[in-house]
Amino acid sequence: MSKKLGLEGKILDVAYRHFLQKGYRQTTMDDIAQDLGMSKKTLYKYFPGKLELLASCFEILKTKMTAKVEAILDNRHLSFPLKLKSSLTVIATHLAPINPDLFEDLREHAPEIWSAMTDYINESAYLRFAKLIEQGIAQGLVNSRINISLIVMLYAAAVQSLLDPKFYSQFPDPIQKGIKIPPSDIYDQAISIIYNGILTEEARAEFINA
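What counts as what
Residues numbered from 1 in each chain as written. Predicted model: local features only at pLDDT ≥ 70, side-chain atom pairs only at ≥ 80, totals over all residues. Heavy atoms only, no water. Phe/Tyr/Trp six-rings, centres within 6.5 Å; stacked < 30°, edge-to-face > 60°. Helix = DSSP H or I, 4+ residues; strand = E, 2+ residues; numbered from the N terminus. Buried < 20%, exposed > 50% of the residue type's maximum accessible area, 1.4 Å probe, protein only. 1 Å grid on protein atoms, 1.4 Å probe; cavity = no way out; pocket = protein on both sides within 12 Å on 5 of 7 lines; lining within 4 Å. Points joined across faces, edges and corners; volume = space filled by probe spheres on them. Nonpolar A, V, L, I, M, F, W, Y, C, P; charged D, E, K, R; others polar. Expected span 1.5 Å × (residues − 1). Bend = angle between axes of the 7 residues up to and from the residue. Core = buried A, V, L, I, M, F, W, Y, C linked by side-chain atoms within 4.5 Å. Contact = heavy atoms within 4.5 Å. pLDDT = per-residue confidence, 0-100. Salt bridge = Lys/Arg side-chain N within 4 Å of Asp/Glu carboxyl O. Axes fitted to C-alpha atoms, helices over the stretch in contact; angles between N-to-C directions. Parallel < 35°, antiparallel > 145°, perpendicular 65-115°, else oblique. Left-handed = near helix turned anticlockwise from the far one by under 90°.

**Here we look at the packing of aromatic side chains**
Right, on to step 1. Going through the model one piece at a time under the given rule, you end up with three aromatic pairs.
Right, on to step 2. Seen from their ring centres, Y16 and F58 are 6.3 Å apart, and the 85 degrees between their planes marks the pair as edge-to-face. One end of the pair, Y16, is in helix α1 (residues 3-22); the other, F58, is in helix α4 (residues 50-73), with 42 residues separating them in the sequence. As far as the burial class goes, Y16 and F58 line up, both buried.
Right, on to step 3. Ring geometry for F19 against Y24: centres 6.1 Å apart, planes inclined by 35 degrees, an arrangement best described as tilted. The pair F19 / Y24 is uniform in exposure class, with both members buried.

Here you go:
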């Protein structure tokens, strides 16, 4: 790895940590430069602005999730329930740490990045989870009467809704207070509810223990 690429990676790591902790609006180029121990002028030589930094951070996030999920799906040594559980864990692990304020900032102040993220979720659901569900049906582990397109849409809608603070802000206070659990648990439980409903009894038991 060249020195330039190594420094760019370090910049992105530091910037992403700030975005996760404080959101987009509250993070400044001064904060990032100070944390890196470099001048803001030097930082601008690598990235022309905060928006470009944020976009690059999310491109890396999407690349990581894609690589890990595809590796799971292509692994012939994993059973279908374990592939399903592992894939969901990858998504939860990468998305759960994101501050809800950051997603709200994306929608309001970086709509092109928000749109790219939602497009990625939809495309990923279609390209990867549809493929996984088809494997489950072929192995007799997913109810063959289930409409694959519907499951893909339910999955994508669930993930997008959980990413969007405006979605759950429309519910009464008791409902909002009732979901004050760690984000990783929210993803795990919501997606597990969907997929437990489509599995056969045999696959369901293996999925729970996976």
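Resuming the write-up.
**Description of empty space enclosed by the protein**
Right, on to step 1. The full count for this structure, using the stated rule, is two cavities of 30 Å³ or more.
Right, on to step 2. In this structure, the largest cavity occupies an estimated 70 Å³ of space.
Right, on to step 3. If you go around the largest cavity, the residues you meet are L88, T89, I91, A92, Y155, V159, Y187, D188 and I191.
Right, on to step 4. Those elements giving two or more residues to the lining of the largest cavity turn out to be α5 (80-95), α8 (148-163) and α11 (183-196).
Right, on to step 5. Residue classes in the lining of the largest cavity are distributed as seven nonpolar, one polar and one charged.
Right, on to step 6. If you add up the space inside the second largest cavity, you get close to 60 Å³.
Right, on to step 7. Contributing to the lining of the second largest cavity are M65, I91, L95, M117, Y120, I121, S124, A125, Y155 and V159.
Right, on to step 8. Counting residues per element, the ones that place at least two in the lining of the second largest cavity are α5, α7 (111-138) and α8.

**Looking at α7**
Right, on to step 1. The end-to-end C-alpha distance of α7, which contains 28 residues, comes to 39 Å, matching closely the 40 Å that a straight helix rising 1.5 Å per residue would cover.
Right, on to step 2. The largest bend in α7 comes to about 35 degrees, at A125.
Right, on to step 3. A positive phi of about 75 degrees marks G140, the residue just after α7.

**Comments concerning the nonpolar core**
Right, on to step 1. Core analysis: the biggest nonpolar cluster contains 64 residues, and L53, L54, F58, L95, I98, Y155 and Y195 have the highest contact counts within it.
Right, on to step 2. Take this core: its biggest share by element is ten residues, from α7.
Right, on to step 3. Here Y195 is in contact with L84, L88, F129, I133, I151 and Y155, once residues within four sequence places are set aside.

**Some remarks on the side chain of H18**
Right, on to step 1. Summarising the element assignment, H18 is placed in helix α1.
Right, on to step 2. Since its relative accessible area comes to 8%, H18 is described here as buried.
Right, on to step 3. Not counting the four nearest positions on each side in its chain, H18 is found in contact with G23, T27, D31, I32 and D35.

**Quick notes on the confidence of the model for the protein**
The predicted coordinates of low-pLDDT regions are not to be read in fine detail.
Right, on to step 1. Of all residues in the protein, 96% have pLDDT values of 70 or greater, and the mean over the chain is 84.
Right, on to step 2. Across the protein, the element-wise mean pLDDT spans from 73 in α11 up to 95 in helix α2 (residues 29-36).

**Focus on the pattern of salt bridges**
Right, on to step 1. On inspection of all chains with the given rule, the structure shows seven salt bridges.
Right, on to step 2. Among the ionic pairs, R17 bridges to D35, the shortest N-O distance being 2.5 Å. You can see R17 sitting in helix α1 and its partner D35 sitting in helix α2, a full 18 residues away along the chain.
Right, on to step 3. Its relative accessible area of 36% is what places R17 among the partly exposed residues.
Right, on to step 4. One salt bridge in this structure joins R25 and D105, with 3.1 Å as the shortest N-O distance. Note that R25 is positioned in the loop between α1 and α2 and D105 in helix α6 (residues 100-109), a separation of 80 residues in sequence.
Right, on to step 5. On the basis of relative accessibility, which here comes to 5%, the residue D105 falls in the buried class.

**Points about the packing of α5 against helix α12 (residues 201-209)**
Right, on to step 1. Axis separation between α5 and α12 bottoms out at 8 Å; the angle between their running directions is 45 degrees. It follows from the interaxial angle that α5 and α12 lie oblique. For the crossing formed where α5 meets α12, the hand is right-handed. Packed against α5, whose contacting residues are P81, L84, K85 and L88, the element α12 presents A203, E206 and F207 at the interface.
Right, on to step 2. Looking at the contact of α5 with α12, its residues break down into five nonpolar, no polar and two charged.

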